[in-house]
Protein chains: 2
Amino acid sequence: MAAAPPSPKRARTSKDDADDKTYHLLYHPTIPGRGEFIRLIFEATQTPYVEVNQKSKDEVYAVLSTSPEQPHPPVYALPALRVSTKGSSSDDIVISQTTSIAEYLGHELGLAPGGPQSAANLHARQLALTALDLAVEAHDTHHPISMMLYYEDQKAESKRRAADFRSSRLPRFLKHLEAVLAWNAVDADGRRGKGRYLVGDKLSYADLVWWQVIDGLHFAFPNELAVRKPDYPLLFTKFYPGIKDDEGSVSAYIASDRRLPFGDGMFRHYPELDRESGDA
Amino acid sequence: MAAAPPSPKRARTSKDDADDKTYHLLYHPTIPGRGEFIRLIFEATQTPYVEVNQKSKDEVYAVLSTSPEQPHPPVYALPALRVSTKGSSSDDIVISQTTSIAEYLGHELGLAPGGPQSAANLHARQLALTALDLAVEAHDTHHPISMMLYYEDQKAESKRRAADFRSSRLPRFLKHLEAVLAWNAVDADGRRGKGRYLVGDKLSYADLVWWQVIDGLHFAFPNELAVRKPDYPLLFTKFYPGIKDDEGSVSAYIASDRRLPFGDGMFRHYPELDRESGDA
């Protein structure tokens, strides 16, 4: 179990009753994976949370149960977030699907750029969903045939899919993100994101979700990114280093040993799937 | 351009000012694809909408423009929904990502089972996202390597991925949906969905999104579904035929020739990717 430090929360823009809530993140214990998108939101807002992983099997099994008698509807896959309200466990809610958890917490913890139906929030939601689409495509470069097979048993197909991912899919997503940063950059006193933020003029859940994907891509495809970075200057000189270096609590977490390293999750580094070094 | 008939809208549970809004769906003209999830929502609520497709290139190009001067942020991919409010085009919003459009319209048109942060809506959102995950996996059975290549150029990989999809992935998703229907079935006067609805006791955007996916699976994998149907009785005897047969306006649309047939979109029928006939 890894819990965020019990430091004071920063000012909230939304519900004050969030203080009465306890957040339990249910996920795998050894990989950043999809759970990391949620962890970053807790860390950026200095929100205490309890990490329930497969060392605490009972609670995980309870959430994954499909019994019609359980209080919450069935969960398809982890991560799941259990939100407990002080004093009434029957009001617990269980949320799953990564982007849905991220948006839910965005509204609860002041990381949404507007109300749920606002143009700004709908933009943040689109960005979070698109980030996860890219993450799934990055995953499928090493598992293009089956999640039930080892990489080694689908390596030929992986090489073919990874080549397409690097030449066609990845640039399409990065181009989109650069265009979003440019659209939102504004200033000469119209302010907005200045290349640092995707939506509006401050950090939102969309930034954190995208940051984690870009970080994962650095791990998985370092050679490819090294070649492509110059094409996306706002992304790689403002946005990505900005969140890593300048945001107090999230950058401290990123630099800490509490953050799980990438390994054999969604983002994996197989040199033969990356661009060959020096291959322009 | 295909527009829904200008019949009276049914009672709304949300914003009355929706009457002042004009909905423009931007999508491809010849396939149901991701646009069809949105069309079903308009049809089920008898909401007039304008279909802007690639015959009307100017508006599509305007939405896909990445110019920093355009009023709305860049769209990554279609479908997109332009929402115009009477009298002020500068307040137009443009929404993309299929499930986000579906949820947005759910709240506007009375097809959301609760407010955005409610447990019921978060459940509907999870279901819509999971349905699209399955749709993407169905798509990837015929394009496991690259969207830029013809099926024929990735046919060997397709056969391998489709075999895994049918034996492993598809049953996992269908089992989840059956469990959700069972969890929500209730009654003996606790009411709720009775196998007909996924969330609560009436139609929601989650039902329509899932219905379209199940219908697409019938088109793509008829032999596989024929064998598996008995394992998921609520899904295949209550939910799927229920929406098709019993909901006035959506069933009329489904039976009409306005609905585009499946063909070469996300769901495709290649006999060699389906279970062999009679192969149990």
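These figures come from a predicted structure and were not determined experimentally.

So, how was this worked out
- Residues numbered from 1 in each chain as written.
- Chains lettered and ligands numbered in written order.
- Predicted model: local features only at pLDDT ≥ 70, side-chain atom pairs only at ≥ 80, totals over all residues.
- Heavy atoms only, no water.
- Contact = heavy atoms within 4.5 Å.
- Buried area = accessible area lost by both parts, 1.4 Å probe.
- Salt bridge = Lys/Arg side-chain N within 4 Å of Asp/Glu carboxyl O.
- Polar contact = N/O pair within 3.5 Å; in protein donor to acceptor, adjacent residues only side chain to side chain.
- Helix = DSSP H or I, 4+ residues; strand = E, 2+ residues; numbered from the N terminus.
- Least-squares fit on C-alpha atoms with pLDDT ≥ 70 in both.
- Axes fitted to C-alpha atoms, helices over the stretch in contact; angles between N-to-C directions.
- Parallel < 35°, antiparallel > 145°, perpendicular 65-115°, else oblique.
- Left-handed = near helix turned anticlockwise from the far one by under 90°.
- Pairing = 2+ DSSP bridges.
- Buried < 20%, exposed > 50% of the residue type's maximum accessible area, 1.4 Å probe, protein only.
- Right-handed = clockwise from strand over helix to strand, strands pointing away.
- Phe/Tyr/Trp six-rings, centres within 6.5 Å; stacked < 30°, edge-to-face > 60°.
- Lys NZ or Arg CZ within 6 Å of the ring centre and 35° of its normal.
- Expected span 1.5 Å × (residues − 1).

Student: Describe the interface of chain A and chain B, and please don't skip the residues or the numbers.
Tutor: Across the contact, 55 residues belong to chain A and 56 residues belong to chain B. Taking both sides of the interface into account, the surface hidden between chain A and chain B amounts to around 4700 Å²; carbon and sulfur atoms contribute 57%. Where chain A touches chain B, the interface holds six salt bridges. Between R160(A) and E157(B) there is a salt bridge, and its shortest N-O distance comes to 2.7 Å. Taken together, chain A and chain B are joined by 24 residue pairs in polar contact (both at pLDDT 80 or more). If you list the elements that add at least two residues to the side of chain A that touches chain B, you get β4 (93–96), α3 (98–109), α4 (119–142) and α5 (155–185) of chain A. Ranked by the residues each element gives to the side of chain A that touches chain B, the list is headed by α5(A), at 13 residues.

Student: Break down the pattern of salt bridges for me, with residues and values.
Tutor: Opposite charge on two side chains permits them to pair, given that their charged atoms come into close proximity. This model, assessed by the stated rule, comprises 38 salt bridges over all chains. In this structure, R161(A) and D140(B) form a salt bridge, with 3.8 Å as the shortest nitrogen-oxygen distance. Taken together, the positions of R161(A) in helix α5 and D140(B) in helix α4 (residues 119–142) put the pair across two chains. Connected through shared salt-bridge partners, E36(A), R39(A), E51(A), D215(A) and R259(A) make up one network.

Student: Quick rundown of the relation of the copies chain A and chain B? Include the residues and the values.
Tutor: If you rotate chain A by 180 degrees and push it 0.0 Å along the axis, it lands on chain B with an RMSD of 0.0 Å. One copy is carried onto the other by what is essentially a two-fold rotation axis. The share of interface residues of chain A whose copies in chain B are also at the interface is 100%, consistent with both copies meeting through the same surface.

Student: Before we move on, could you go through the packing of α4(B) against helix α6 (residues 205–220) of chain B and cite the residues and values that matter?
Tutor: Residues and elements named next belong to chain B. At a minimum axis distance of 8 Å, the contact between α4 and α6 shows a crossing angle of 20 degrees. Judged on the interaxial angle alone, α6 and α4 are roughly parallel. Note on packing geometry: the crossing formed by α4 with α6 is left-handed. Across from N121, A124, R125, L127, A128, T130, A131, L132, L134, A135 and A138 in α4, the residues of α6 making contact are Y205, A206, V209, W210, V213 and L217.

Student: Can you tell me about the side chain of H143(B), naming the residues and giving the values?
Tutor: Within the element layout of this structure, H143(B) appears in the loop between α4 and α5 (155–185). In contact with H143(B), other than residues within four places in its own chain, are R161(A), L149(B), Y150(B), Y151(B), Q154(B), S158(B) and R268(B).

Student: Can you lay out the sheet that holds strand β2 (residues 50–52) of chain A for me, pointing to particular residues and giving the numbers?
Tutor: Residue and element names in this part refer to chain A. Ordered in space as β2-β1-β3-β4, the four strands form an open sheet in which the pairing is mixed. Both outer strands of the open sheet, β2 and β4, are each paired with one neighbouring strand and no more. For this sheet the average axis-to-axis angle between neighbouring strands, irrespective of direction, equals 25 degrees. Bridging between strand β1 (residues 21–26) and strand β3 (residues 80–85) involves six bridges; their strand directions are antiparallel. Along β3, the bridge assignment pairs T22 with S84. Relative to β1, helix α1 (residues 35–44) is tilted by about 155 degrees, and along the sheet it contacts β1, β2 and β3. Packing of helix α2 (residues 57–64) onto the sheet brings it into contact with β1, β2, β3 and β4, and relative to β1 it is tilted by some 90 degrees.

Student: Now, about the side chain of R166(A): what can you tell me, with residues and values included?
Tutor: All names here are of chain A. With respect to the secondary-structure elements, R166 resides in helix α5. Within polar-contact distance, the side chain of R166 engages the side chain of E224 at 3.0 Å. Ignoring sequence-local partners within four residues, the contact set of R166 consists of P171, F221, E224, R228, L273, D274 and R275.

Student: How would you explain the pairing of β1(A) if you had to name every residue and give the values?
Tutor: Residues and elements named next belong to chain A. Most of β1 is tucked away, with five of its six residues classed as buried. Relative to β2, β1 is paired through three bridges, and the arrangement is parallel. Following the sheet pairing, H24 is matched in β2 by V50. Following the backbone out of β1, through α1 and into the adjacent parallel β2, one traces a crossover that is right-handed.

Student: Tell me about the sheet that holds strand β4 (residues 93–96) of chain B, and name the residues and values.
Tutor: Whenever strands of a sheet pair, they do so through backbone hydrogen bonds, lying parallel or antiparallel. Residues and elements named next belong to chain B. A sheet is described by the order of its strands in space; here four strands give the open sequence β2-β1-β3-β4, paired in mixed fashion. Pairing within the sheet leaves two strands with one partner each, and these edge strands are β2 (50–52) and β4. The mean angle between the axes of side-by-side strands here comes to 25 degrees, regardless of whether they run parallel or antiparallel. Alignment of strand β3 (residues 80–85) against β4, held across four bridges, turns out to be antiparallel. Looking across to β4, one finds that R82 is bridged to V94. Strands in contact with helix α1 (residues 35–44) are β1 (21–26), β2 and β3; relative to β1, the strand with the most contacts, it is inclined by about 155 degrees. Contacting β1, β2, β3 and β4, helix α2 (residues 57–64) runs over the sheet at an angle of about 90 degrees to β1.

Student: Before we move on, could you go through the packing of aromatic side chains and cite the residues and values that matter?
Tutor: Residue and element names in this part refer to chain A. Throughout the structure, instances matching the rule amount to 16 aromatic pairs over all chains. Taken together, the aromatic side chains of Y23, F42 and Y49 make up a single cluster linked through ring pairs. Above the face of the W183 ring, R192 is positioned so that its terminal group lies 4.5 Å from the ring centre.

Student: Just give me the short version of unusual backbone geometry, but keep the residues and values in it.
Tutor: Cis geometry marks the peptide bond from L78(A) to P79(A); its omega dihedral reads 10 degrees. You can see P79(A) is positioned in the loop between α2 and β3. We note that K194(A) has phi near 55 degrees; this positive angle belongs to a residue other than glycine. Relative to the helices and strands, K194(A) is located in the loop between α5 and α6 (205–220). A positive phi is found at Q46(B), a non-glycine position, where the angle reads about 50 degrees. Looking at the element boundaries, Q46(B) is found in the loop between α1 and β2.

Student: Hey, could you go over α4(A) for me, with residue numbers and the actual values?
Tutor: Compared with the 34 Å implied by 1.5 Å per residue over 24 residues, the 36 Å span of α4(A) between its first and last C-alpha is a close match. Of all 24 residues making up α4(A), 20 are buried, and the element is well covered by its neighbours.

Student: Pulling in residues and values, what's your account of α1(A)?
Tutor: All names here are of chain A. Where burial is concerned, most of α1 is hidden: 10 out of the 10 residues are buried. Where α1 is concerned, the buried positions are G35, E36, F37, I38, R39, L40, I41, F42, E43 and A44. Where α1 ends, the next residue or the one after it, Q46, has phi of about 50 degrees, a positive value.

Student: Can you explain the environment of S100(B)? Please cite residues and give values.
Tutor: Relative to the assigned elements, S100(B) resides in helix α3 (residues 98–109). Owing to a relative accessible area of 1%, S100(B) belongs among the buried residues under this scheme. Taking the C-alpha atoms as reference points, S100(B) and A252(B), separated by 152 residues in sequence, lie 25 Å from one another. The contacts of S100(B), once residues within four sequence positions are left out, are L122(A), R125(A), L129(A) and I95(B).

Purely geometric numbers; function is a separate question.
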